[in-house]
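Take a look at the letters that make up each chain.
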Amino acid sequence: MKRVKVGVVGCGNISQIYFTNLKKYPEIDLVAAADIDLERAKQRAEEFGLEKAYTVEELLADPEIEIVVNLTIPKAHASVCLQALEAGKHVYVEKPLAVTREEGKKVLELAAAKGLRVASAPETFLGGGIQTCRKLIDDGAIGTPVSISGFMLGGGPEGWHPDPEFFYELGGGPMFDMGPYYLTAYITLLGPIRRVTGSAVISYPERTITSEKKNGKVITVETPTHIAGVLDFHSGAVGTLITSFDTKAGTSLPNIEVHGSEGSILVPDPNTFGGPVKVRKLGGEWEEVELTHGNTDNNRGIGVADMARAIVEGRTHRANGAMAYHVLEAMHGFHDASRDGKHYTMESTCERPEAMPVLESEPSL
């Protein structure tokens, strides 16, 4: 298979696992790193044996690069994507697709006009854990799905992240930080969303950084930090999703559960690629099932590899822009519903992404 040449823009915290994995995929020829700080790009290029360390402008001007992987901070996602598309590159962007719906629409519209592809994290739904859950649902293991519930509850990133300020800016908060993992999993399992509603609050107007680099710095919070949402799916199922940076003492709630007419599935953390996956039939107990799919390690970059293969094969890539925009709209919809005191009806839709292939030797369920 033809290898697709890839360059990475943004050499911060998350980039290391991407560089590590993108070097391994046979579909990808990783050739360049770029950053607004050229020295940081040079460090990554040397660390991973890349041919080129660029400024952002230099990478976008390189005619060999076909896919730009955009790992910048959220508020720069749309602008870098638009620059890459204008330069004739396909683009894969870290989540969320953009900060605003208007920016997200511009990215998709420009890509369509130029005949280019947009893909977006998260790609964890391509891992063995969530793919196994999807197969269970598609095979009728729990009958007809009627509800899904998810909980992402924590105390915020200021205790561990070296530069946590952006988590509390527009485009941050627990919904925009972690909501994409949950909502992408929801769509993978149950399909697109019809409408949402919810309540969103800023529980603590200021946060104090306690991680070493900026210990003691006070952050003014600009975006809701506890969001309780309700979702209606086109399938008829109803979902709930609570995301929070305000549950400082921790939680005992599950990540995700899907409930059907004949049983329930305990879905693993959607910010991971593996299991465990558990099923409970009517009248039975929770039982762990073997995973039917591979890719269970930290496979960040697999969405880029799937995109590269899809370009060569002429099919739709799984972590596609339509689904990423649907997720972005739903996240804003929770905030809008809280502000306006009414349901938010989704304007966009998307397809459930194509399932991943099962393991060659499929275990019995």
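Residues numbered from 1 in each chain as written. Predicted model: local features only at pLDDT ≥ 70, side-chain atom pairs only at ≥ 80, totals over all residues. Heavy atoms only, no water.

Student: Explanation requested: the side chain of Thr184 in the structure shown.
Tutor: Relative to the elements of secondary structure, Thr184 occurs in helix H7 (residues 173-190). Leave out the neighbours within four places in its chain, and Thr184 touches Pro122, Phe125, Met323 and Val327. (Helix = DSSP H or I, 4+ residues; strand = E, 2+ residues; numbered from the N terminus. Contact = heavy atoms within 4.5 Å.)

Student: Help me out: how do you make sense of the sheet that holds strand S2 (residues 28-34) in this one?
Tutor: Strand pairing in a sheet relies on backbone hydrogen bonds. The paired strands run either parallel or antiparallel. The strand order S3-S2-S1-S4-S5-S6 describes an open sheet built from six strands, whose pairing is parallel. Both outer strands of the open sheet, strand S3 (52-54) and strand S6 (118-120), are each paired with one neighbouring strand and no more. Each adjacent strand pair in this sheet contributes to an overall mean axis angle of 25 degrees, direction not counted. The sheet contact formed by strand S5 (residues 90-93) and S6 spans three bridges and is parallel. Across the sheet, Tyr92 pairs through a bridge with Ala119, a residue of S6. With respect to the sheet, helix H1 (residues 15-22) is in contact with strand S1 (4-9), S2, strand S4 (67-70) and S5, its orientation differing from that of S2 by roughly 150 degrees. (Pairing = 2+ DSSP bridges. Axes fitted to C-alpha atoms, helices over the stretch in contact; angles between N-to-C directions.)

Student: Any chance you could explain the packing of helix H5 (residues 101-114) against helix H9 (residues 321-340) here in plain terms?
Tutor: If you want to describe how two helices pack, look at the angle between their axes and the distance between the axes. The N-to-C vectors of H5 and H9 enclose an angle of 170 degrees; their axes lie 10 Å apart at closest approach. The angle between H5 and H9 places the two elements in the roughly antiparallel class. Of the residues in H9, those in contact with Arg101, Gly104, Lys105 and Leu108 of H5 are Gly321, Tyr325, Leu328, Glu329, His332, Gly333 and Asp336. Per-class residue counts for the contact of H5 with H9 are three nonpolar, four polar and four charged. (Parallel < 35°, antiparallel > 145°, perpendicular 65-115°, else oblique. Nonpolar A, V, L, I, M, F, W, Y, C, P; charged D, E, K, R; others polar.)

Student: It is not clear to me how the layout of surface pockets should be interpreted in this structure. Could you clarify?
Tutor: Where empty space is left becomes clear once a probe the size of a water molecule has been rolled over the atoms. In this structure, the second largest pocket spans a volume of roughly 260 Å³. In this structure, the second largest pocket is lined by Tyr25, Pro26, Glu27, Asn295, Ile302, Ala305, Asp306, Arg309, Arg315, Arg318, Met356 and Pro357. Here the residues of the lining of the second largest pocket sort into six nonpolar, one polar and five charged. (1 Å grid on protein atoms, 1.4 Å probe; cavity = no way out; pocket = protein on both sides within 12 Å on 5 of 7 lines; lining within 4 Å. Points joined across faces, edges and corners; volume = space filled by probe spheres on them.)

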